[in-house]
Amino acid sequence: MTIALYPGSFDPITNGHLDIATRAAKLFDKLVIGIYDIPDKRLLFTTAERVEMARKAVAGLPNLEVEPFSELAVSFAKKVKAQAIVRGLRMSADFEREFDMAMMNKKLYPELELVCLMSSIEYQFLSSSLLKEAASLGGNIDDLVPFHFSSSCSRLSLLSGSGIQQSTGQTSTHLDDSWEPTHSVHLLGSIT
């Protein structure tokens, strides 16, 4: 069985991420979306929320699993018995970053291969950071996020005050009509 890992923070998962995951799931017997729970960035959603959003988004794909992880991506790849890491490339800056990570990963786990998929043209500009900023300013992001999440994420434009918090993975929120993010984002990414 050929297994691949698609690691990231997915804060939140976007249709660009889903495009890469769906296409990668066709290439491998099993694809694991690894939700990194302690990235060096400000998070809007807890690990549990990000895992739940991703699981709902890929619910129809039988060979796809979503799991949180806190170790090096290569260590998690070994744990799930992945032979490859999947990454999406949007632009040349992505290539440079992925190239650097691929060289380090190859040093740490020589048997692990990197498979890069070019983002579909409609998602070339899309990033979770840009999406959160647009939503916080009242932009319509409905066609950029999974259907079950767009109304919740659009509520960011109504939030104020508490700032982005680092995820602990201890809070679980169910995504339904009553779901609201547990954290809010200030313009320019400042924390209060």
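A short tour of the structure in this document, coming up. Keep in mind that this is a model prediction, so the values were computed, not measured.

Calculation criteria
Residues numbered from 1 in each chain as written. Predicted model: local features only at pLDDT ≥ 70, side-chain atom pairs only at ≥ 80, totals over all residues. Heavy atoms only, no water. Core = buried A, V, L, I, M, F, W, Y, C linked by side-chain atoms within 4.5 Å. Buried < 20%, exposed > 50% of the residue type's maximum accessible area, 1.4 Å probe, protein only. Helix = DSSP H or I, 4+ residues; strand = E, 2+ residues; numbered from the N terminus. Contact = heavy atoms within 4.5 Å. Pairing = 2+ DSSP bridges. Axes fitted to C-alpha atoms, helices over the stretch in contact; angles between N-to-C directions. Phe/Tyr/Trp six-rings, centres within 6.5 Å; stacked < 30°, edge-to-face > 60°. Lys NZ or Arg CZ within 6 Å of the ring centre and 35° of its normal.

Attention now goes to the nonpolar core. Counting 24 residues, the largest nonpolar core has Tyr6, Leu31, Ile33, Ile35, Leu64, Val66 and Val86 as its most contacted members. Secondary-structure elements contributing two or more residues to this core are strand 1 (3-8), helix 1 (15-25), strand 2 (30-36), helix 2 (47-57), strand 3 (64-69) and strand 4 (84-89). Residues in contact with Ile35, not counting those within four places in the same chain, are Gly8, Ser9, Phe10, Arg50, Val51, Ala54, Val66, Glu67, Pro68 and Phe69. Core analysis: the next-biggest nonpolar cluster, separate from the first, contains 13 residues, Phe69, Ala73, Ala77 and Ile85 among them.

With that out of the way, let us pick up the sheet that holds strand 4. Taken in spatial order, the five strands line up as 3-2-1-4-5 in an open sheet, and their pairing is parallel. With partners counted over all chains shown, the strands left at the sheet margins are strand 3 and strand 5 (113-118), one partner each. For this sheet, the mean inter-axis angle between neighbouring strands, taken without regard to orientation, is 30°. Where strand 4 meets strand 5, six bridges bridge the pair, whose relative direction is parallel. Opposite Leu89, over in strand 5, you have Met118 as the bridge partner. Strand contacts of helix 2: strand 2 and strand 3, with the helix running at about 175° to strand 3, the strand carrying the most contacts.

All told, the structure shown has four aromatic pairs when counted by the stated rule. For the ring pair Tyr6 and Phe10, a centre distance of 5.2 Å and an interplane angle of 85° mean the geometry is edge-to-face. In this structure Tyr6 comes out as buried when scored by relative accessible area, which is 4%. For Phe10, a relative accessible area of 3% corresponds to the buried category. Here a set of aromatic residues connected by ring pairs shows up, and it is made of Tyr36, Phe69 and Phe76. Here the guanidinium or amino end of Lys78 rests over the ring plane of Tyr109, the centre of that ring lying 5.0 Å away.

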